[in-house]
Amino acid sequence: MTAAVAALVVAAGISAVSAQTEWKAPPEAKNIKNPQPPTPASIANGKKLAEANCVSCHGPGGKGDGPAAAALPPPKPADWTSPKIKAETDGELFWKISNGRGAMPPWKHLPEKDRWDLVNYIRSLQK
Ligand code: HEC
């Protein structure tokens, strides 16, 4: 494990609240429409953002198997290609990416467009 990953894991551990119950976005999040069409440019930007911000936990293919995942207590980083994540709406994923929970950091500081590009990238992995 690199020092950077170790530091990330420690930081995540401190902010982690006990969050064992199923993570549900509020009902109003479900219907938020994705304003960003899944163009190649949008997906490419999502991939770039994921490589910079998400793969340490979610893994290069989004399967939840990043280098930091092993050290995190449950709930583990989600497998973006799982049926559970497939079944969620774009709005729910956007809300969860924005708000975070436990070891999953909130990404509200990223522009909304970037967060939708991340949703489009996650969808592209599910095909
Ligand atoms: C420090 C580790 C970490 C990083 C970095 C991280 N995540 Fe997560 N992520 C998690 C964990 C842990 C969960 C499960 C949280 C839970 O269920 O309480 C999760 C869950 C998720 C979920 C699934 C929510 C659900 O249940 O439907 C999505 C989508 C997601 N992350 C997207 C992202 C994106 C996009 C990024 C980068 C911008 C990112 N994550 C960065 C740890 C991380």
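Scroll up a little and you will see the structure.
Parameters and conventions
- Residues numbered from 1 in each chain as written.
- Predicted model: local features only at pLDDT ≥ 70, side-chain atom pairs only at ≥ 80, totals over all residues.
- Heavy atoms only, no water.
- Helix = DSSP H or I, 4+ residues; strand = E, 2+ residues; numbered from the N terminus.
- Buried < 20%, exposed > 50% of the residue type's maximum accessible area, 1.4 Å probe, protein only.
- Polar contact = N/O pair within 3.5 Å; in protein donor to acceptor, adjacent residues only side chain to side chain.
- Contact = heavy atoms within 4.5 Å.
- Core = buried A, V, L, I, M, F, W, Y, C linked by side-chain atoms within 4.5 Å.
- Near = heavy atom within 4 Å.
- Nonpolar A, V, L, I, M, F, W, Y, C, P; charged D, E, K, R; others polar.

### Description of unusual backbone geometry
The omega torsion of the bond from Pro74 to Pro75 falls at 0°, within 30 degrees of zero and hence cis. For Pro75, the position within the fold is in the loop between helix H4 (55–58) and helix H5 (83–87).

### Thoughts on the side chain of Asp117
Mapped onto the secondary structure, Asp117 falls in helix H7 (residues 112–125). Look at Asp117 and you get buried, because its relative accessible area is 0%. Among the polar contacts made by the side chain of Asp117, one reaches the side chain of Ser42 at a distance of 2.7 Å. When sequence neighbours within four positions are dropped, the list of residues in contact with Asp117 reads Gln36, Ser42, Asn45 and Gly46.

### Here's the deal with the nonpolar core
Among the nonpolar cores identified, the biggest contains 15 residues, and Ala50, Trp80, Ile97, Leu118, Val119 and Ile122 are the most heavily contacted of them. Top element by residues in this core is H7. It accounts for five residues. Setting aside anything within four residues of it in sequence, one finds Ala50 in contact with Val55, Trp80, Leu118 and Tyr121.

### Observations regarding helix H6 (residues 90–99)
Most of H6 is tucked away: seven of the ten residues are buried. Within H6, the full set of buried residues consists of Gly91, Glu92, Leu93, Phe94, Lys96, Ile97 and Ser98. Next to the buried residues of H6 lie helix H2 (27–30), H5 and H7. Remark: Gly100 follows H6 within two positions and exhibits a positive phi of approximately 65°.

### Re the site of the ligand
Of all residues adjacent to the ligand, which total 23 residues, the nearest are Cys54, Cys57, His58, Glu88 and Met104. One nitrogen or oxygen atom from the side chain of His58 is found 2.8 Å from a nitrogen atom belonging to the ligand. Among the residues making up the shell around the ligand, the classes are represented as 15 nonpolar, three polar and five charged.

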